[in-house]
Amino acid sequence: MNYNNTIHIAFGLRDGENIYYRYVLSVMSQISLVTSGRVHIHILHDDTLRSESLGNIRHTAEILNQDLSFYDISTEKEYLDMQNGTLYRLFLPKVCSHLDRVIYLDADILVVGDLRRLWEVDLGENLLGGVLDSESTRDVVDVLSRYYHKKINKTSYFNAGILLMDLEKIREESANLPQEYLTFINEYPHALLLDQDFLNYKYQGRYKKLSNIFNFIPHDSDSVDKDLIDNQVIIHFAGLYKPWNCRNPLVLRIFFQHMLSSFPEKTQAYEISLYMSNIPYDYCKKTGLILYNNMGNKSLIKSYISSIKILLKEVYKVDSFRRFCHGVTVMKMMYLYNIHYQYFSKSR
Ligand SMILES: [Mn+2]
């Protein structure tokens, strides 16, 4: 097949705080700087996307000469049980029924190389392509996946933040991916990474393992060097290390260069200071607070509580949950700790 045509790129956008759309804008602008050929951006959103922000995205796409389509999924009936923006990628086969292939992107990324390299990957008989997740995440999944009927192999668990999806093949097999996910999460509420676990469970052995140049996940301050960045296509700040709390100067410089290019010059200083003021100085704490405010989201809470229970069962000789949490360095544990802390400090 010849993919020497328009590159189709999709984002999921749930934006209650009116912040996330800025990351999408930034990624759109990064793409235009490094990607050859025509690009069509597809945005799956709900009614949290404000009309000014939508206008802003439209305006940016015009300036960058990118094609743009919006899909409001808040009328889809499965949407009612989904209050997490990453889940919107599951709607892609359904709402982008005119597309055969799409690149799904998270927005906590830096695009530093030509996306055509990803677009032209031959998937063979596979339904999608993805990159192995970080080792720490795969360690957690390894424990939790003992509680599935079919264990997810730690050595093949991919990160779903960057996906090349063969929508045609996926549609042939699944009439309704979002509904299948809801059934899955009901059966396995401990699936800590929600639809990422679902996609791994469902497509195990049927996805193409891609080079990590398409999804490099930096772990801490000093692990990223210049050579590595020069060869990368996408850097993904999955987990707790986002550009705004990663201490690597090179990552920070590249990130802020991209940020600078994302806003019109006249409003640059103002926009960037506004943006910076929205950045939590203590990201961990903020994560806990956001989740605390989402306590109404029953399925999310159910998922965390049941993960905590399972993980506790796995750990011997712990005096208390608090001590256990302090001792654990795996970053996903920090989320759990925050939930626990926020929840119990309020009820004291
Ligand atoms: Mn991400």
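Small disclaimer: the values here were computed from a predicted structure and weren't measured.

Enquirer: Help me get a handle on the overall build of the protein, residues and values and all.
Expert: Broken down by element type, the protein carries 15 helices and 9 strands. Taking all 348 residues of the protein together, 37% fall into the buried category. Excluding contacts between residues fewer than 6 apart, the proportion of contacts in the protein whose partners are at least 24 apart in sequence is 79%.

Enquirer: Let's hear about the environment of arginine 206: which residues, and what values?
Expert: Structurally, arginine 206 can be placed in the loop between helix H8 (194-203) and strand E8 (207-209). Put simply, arginine 206 and leucine 123 are 83 residues apart on the chain and 9.9 Å apart in space, counted from C-alpha to C-alpha. Those residues within four positions of arginine 206 in sequence are excluded, and the remaining contacts are Asn126 and Leu127.

Enquirer: Could you give me a rundown of the confidence of the model for the protein, with the residues and numbers involved?
Expert: Detailed reading of the predicted model is not advised wherever pLDDT is low. Across the protein, the average pLDDT comes to 75, with 64% of residues at 70 or higher. Looking at the elements of the protein, mean pLDDT is at its lowest for helix H12 (residues 283-293), recorded as 40, and at its highest for strand E4 (residues 101-105), recorded as 98. The low-confidence segment residues 315-334 (pLDDT under 50) makes 20 contacts with residues lying over four places distant or belonging to another chain. Confidence drops under a pLDDT of 50 for residues 336-348, and excluding neighbours within four residues, the segment shows 19 contacts in the predicted structure.

Enquirer: Tell me about the sheet that holds strand E7 (residues 158-166), and please be specific about residues and values.
Expert: What the 7 strands build is an open sheet, ordered E3-E2-E1-E4-E7-E6-E8; its pairing is mixed. Each having just a single partner strand, strand E3 (67-72) and E8 make up the two edges of the open sheet. If you compare each strand with its neighbour and ignore which way they point, the axes differ by 25 degrees on average. With 4 bridges joining them, strand E6 (residues 128-132) and E7 adopt antiparallel strand pairing. Each bridged residue has a counterpart across the sheet, and for glycine 129 the counterpart in E7 is leucine 164. Sheet contacts for H8: E6, E7 and E8; angle to E7, the most-contacted strand, approximately 55 degrees.

Enquirer: I'd like a description of the pairing of strand E2 (residues 39-45), backed by residues and values.
Expert: Most of E2 sits out of view: 6 of its 7 residues are buried. Relative to E2, strand E1 (residues 7-13) runs parallel, the two sharing 7 bridges. Each bridged residue has a counterpart across the sheet, and for histidine 8 the counterpart in E2 is histidine 40. Remark: the E1/helix H1 (residues 20-34)/E2 crossover connection has right-handed handedness. Between the parallel pair E2 and E3, the chain is carried across by helix H2 (residues 51-64), and the sense of this crossover is right-handed.

Enquirer: Report on the pairing of E4, specifying residues and quantitative values.
Expert: Of all 5 residues making up E4, 4 are buried, and the element is well covered by its neighbours. Where E4 lies against E7, 5 bridges are found, and the strand directions are antiparallel. Counted as the bridge partner of valine 102 is methionine 165 from E7.

Enquirer: Mind laying out the nonpolar core, listing which residues take part and the relevant values?
Expert: Counting residues in each nonpolar core, the largest one holds 73 residues, and the members touching the most others are Ile9, Val24, Ile103 and Leu115. It is H1 that provides the largest number of residues to this core, a total of 8 residues. Ignoring any residue separated from it by four or fewer positions in sequence, one finds isoleucine 9 in contact with Ile31, Val39, Ile41, His42, Ile103, Leu105 and Leu115.

Enquirer: Which residues make up the environment of valine 112, and what are the values?
Expert: Within the fold, valine 112 resides in the loop between strand E5 (109-111) and helix H4 (116-119). Judged by the 19 C-beta atoms lying within 10 Å of it, valine 112 falls in the partly exposed class. Measuring from C-alpha to C-alpha, the distance between valine 112 and valine 233 comes to 5.1 Å, with 121 residues separating the pair along the chain.

Enquirer: I'd love a proper account of unusual backbone geometry, names of residues and values included.
Expert: In this structure, asparagine 65 takes a positive phi of about 60 degrees despite not being glycine. Along the chain, asparagine 65 turns up in the loop between H2 and E3. One non-glycine residue with positive phi stands out, namely leucine 194, at about 45 degrees. Note that leucine 194 resides in helix H8.

Enquirer: How would you summarise helix H5 (residues 135-144) if you had to cite specific residues and measurements?
Expert: When we look at burial in H5, the residues that qualify are Thr137, Val140, Val141 and Leu144. Looking down the long axis of H5, one finds its buried residues gathered within 100 degrees of arc, a one-sided arrangement.

Parameters and conventions
Residues numbered from 1 in each chain as written. Predicted model: local features only at pLDDT ≥ 70, side-chain atom pairs only at ≥ 80, totals over all residues. Helix = DSSP H or I, 4+ residues; strand = E, 2+ residues; numbered from the N terminus. Buried ≥ 20, exposed ≤ 12 C-beta atoms within 10 Å, placed from the backbone. Contact = placed C-beta atoms within 7 Å. pLDDT = per-residue confidence, 0-100. Pairing = 2+ DSSP bridges. Axes fitted to C-alpha atoms, helices over the stretch in contact; angles between N-to-C directions. Right-handed = clockwise from strand over helix to strand, strands pointing away. Core = buried A, V, L, I, M, F, W, Y, C linked by C-beta atoms within 7 Å. Arc of directions from axis to C-beta.

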